[in-house]
Amino acid sequence: MANVYPKGESCPGYLHQLAHLYCELLRNAMAQYVCITLAYEKGNLSEVKHVVLVLSGKGGVGKSTITTELALALVHAGKKVGILDVDLCGPSIPRMLSVGHPEVHQCDAGWVPVYADPQQKLALMSIGFLLEDSDEAVVWRGPKKTALIGQFVSDVAWGELDVLLVDTPPGTSDEHLAVVENLRKHKVDGAVLVTTPQAVSTGDVRREITFCKKTGVKILGIVENMSGFVCPHCSECSNIFSKGGGEELAKLTGSVFLGSVPLDPLLTASLDEGRDFLQAFPESSTYTAICDIANTLLSSLDA
């Protein structure tokens, strides 16, 4: 019978080369499969270097303010930052960043976040973008809130980020458990806790510290917000709400004290108007306080 194979295919050398080529193809296919599997398991957070929760047991202490200003400070430090706003009943960050009410688009990987700057260094996802009317109340029970938070965690295509800040509602309820549980398969660096100086606030934040310990969330530090009032005329700081409660709480609980941010009318006006306070008032004491906190947090994340 005539040999139907090209000349030389029956020699041992050729068969050895063929086997070697097959092994190489199999090895490359397996490596690609592993990469795809790992990317699938990590999902849209696979390219996010650090995830930081912003928590407080008390409402009205300025978590969204601290989240927004930390994000802006990190952007000015050359980082690419994302904000996930899971304060479902009070989504205020879209207004603070003056992004309006844009339509959320979808790509193959999921929801595309809204960018707050032309350079696309600050990305944001909030339920505020999904409401037809900004005055509409979110009257949802726990399971529906939990489902949306799960979607926010898994279905937003963040791309490459240095830091993702997760702004949470006050308390230790369904939303917080949903955030922690959905992020459990990803690397969560820890939480920044926000308080005001009064004992009423620090008492609630102490319970938030207990929540972090029970759920295994590392406490990166405590920020004391509304720590004194900066006069818009003479720039002198008066302690109208007392001072030092956050620092004392940090000492009592063995946590890192990241710093204090005063009440500043210029900061308040900037947030209401959606302006970048840090860019507009680089000589203010509030600017220094926020940047110092951001730098301390960044050093802790990179350590």
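Everything below is about the structure printed above this text.
As the structure is a prediction and not an experimental result, all values here were calculated from the model.

Cut-off values and rules
- Starting afresh in each chain, residues are numbered from 1 along the sequence in its written order.
- Local features in this predicted model are restricted to residues of pLDDT 70 or higher, and side-chain atom pairs are both shown and tallied only at a pLDDT of 80 or more, whereas totals for entire chains, interfaces and linings draw on every residue.
- The side-chain quantities take in all heavy atoms of the structure and omit both hydrogens and water.
- Using a 1.4 Å probe on the protein chains alone, a residue whose accessible area is under 20% of its type maximum counts as buried, one over 50% counts as exposed, and one in between counts as partly exposed.
- Numbering of helices and strands runs from the N terminus; a helix is a DSSP stretch of H or I covering at least four residues, while a strand is a stretch of E covering at least two.
- Every residue pair with non-hydrogen atoms within 4.5 Å of one another is taken to be in contact.
- Note on method: axes are straight lines fitted to C-alpha atoms, helices fitted across the in-contact stretch only, with angles between N-to-C directions ranging 0 to 180 degrees.
- Handedness of each helix crossing follows the sense of rotation of the near helix against the far helix: counterclockwise by less than a right angle gives left-handed, clockwise gives right-handed.
- By the convention adopted, Pro, Cys, Tyr, Trp, Phe, Met, Ile, Leu, Val and Ala count as nonpolar, Lys, Arg, Asp and Glu as charged, and the other residues, Gly among them, as polar.
- By convention a nonpolar core is built from buried Ala, Val, Leu, Ile, Met, Phe, Trp, Tyr and Cys residues, the set being connected through side-chain atoms within 4.5 Å.
- To count toward a patch, a residue needs a relative accessible area above 30% and no salt bridge. Like charges then connect within 9 Å, nonpolar side chains (Val, Leu, Ile, Met, Phe, Trp, Tyr) within 5 Å.
- Residue burial considers only the protein chains on display, and all accessible areas are found by Shrake-Rupley using a 1.4 Å probe.
- One side-chain nitrogen of Lys or Arg within 4 Å of one carboxyl oxygen of Asp or Glu is enough to make a salt bridge.
- By the counting rule applied here, Lys and Arg register as positive and Asp and Glu as negative, while His and the ends of each chain are not counted.
- By convention, the charge on Lys lies at NZ, on Arg at CZ, on Asp at CG and on Glu at CD.
- Stacked, edge-to-face and tilted labels apply to pairs of Phe, Tyr and Trp rings (six-membered ring for Trp) whose centres lie within 6.5 Å, assigned for plane angles under 30 degrees, over 60, and everything in between, in that order.
- Pairing between strands requires that DSSP locate at least two bridges from one strand to the other.

1. Describing helix H5 (residues 174-183)
Regarding H5, the residues found buried are Glu-175, His-176, Ala-178, Val-179, Val-180 and Leu-183. At its buried positions, H5 is contacted by strand S1 (48-55), helix H4 (142-155), strand S7 (161-167) and helix H6 (199-215).

2. Thoughts on the packing of H4 against H5
Between H4 and H5, the shortest axis-to-axis distance is 9 Å and the interhelical angle comes to 35°. You can see that H4 and H5 cross each other, and the crossing is right-handed. From H4, Gly-142, Lys-145, Thr-146, Ile-149, Gly-150 and Val-153 reach across to H5, where they touch Asp-174, Glu-175, Ala-178, Val-179, Asn-182 and Leu-183. A per-class count over the contact of H4 with H5 returns five nonpolar, four polar and three charged.

3. Observations regarding the nonpolar core
One broad trend across soluble globular proteins is that nonpolar side chains are buried collectively. If you look at the biggest cluster of nonpolar residues, it comprises 77 residues, and the most contacted ones within it are Leu-53, Leu-84, Met-125, Phe-152, Trp-158 and Leu-193. It is helix H2 (residues 63-76) that provides the largest number of residues to this core, a total of seven residues. What Met-125 contacts, discounting residues up to four positions off in sequence, is Ile-83, Leu-84, Asp-85, Val-104, Trp-111, Val-112, Pro-113, Phe-152, Val-156 and Trp-158.

4. Overview of a negative patch on the surface
A grouping of Glu-132, Asp-133, Asp-135 and Glu-136 is seen on the molecular surface, where their side chains present a negatively charged patch. Looking at where Asp-133 falls in the secondary structure, it is placed in the loop between strand S6 (122-126) and H4. The exposure class of Asp-133 is partly exposed, given its relative accessible area of 41%.

5. Here we look at the pattern of salt bridges
Throughout the structure, instances matching the rule amount to six salt bridges. Salt-bridge contacts for Lys-187 lead to Asp-189; the nearest nitrogen and oxygen are separated by 3.0 Å. With a relative accessible area of 10%, Asp-189 lands in the buried category. Linking Arg-207 and Asp-204 is a salt bridge whose minimum nitrogen-to-oxygen distance equals 2.1 Å. Here Arg-207 and its partner Asp-204 are both found in helix H6, three residues apart, which amounts to about one turn of the helix. Owing to a relative accessible area of 15%, Asp-204 belongs among the buried residues under this scheme. Each of Lys-58, Asp-204 and Arg-207 takes part in salt bridges that share partners, so that together they form one network.

6. As for the packing of aromatic side chains
Within the structure shown, the criterion is met by two aromatic pairs. Measuring from ring centre to ring centre gives 5.7 Å for Trp-111 and Phe-152, while their planes differ by 70°; the resulting arrangement is edge-to-face. Of the two residues, Trp-111 sits in strand S4 (residues 110-111) while Phe-152 sits in helix H4, which places them 41 residues apart along the sequence. Taking relative accessible area as the criterion, Trp-111 reaches 11% and is therefore assigned buried.

7. Structural notes on the pairing of strand S8 (residues 190-195)
By the criterion of burial, S8 is predominantly enclosed, with six of the six residues buried. The sheet contact formed by S1 and S8 spans four bridges and is parallel. Bridge pairing in S8 links Leu-55 to Leu-193. Taken together, the five bridges between S8 and strand S9 (residues 219-230) define a ladder with parallel strand orientation. Directly across from Ala-191, in S9, lies its bridge partner Ile-219.

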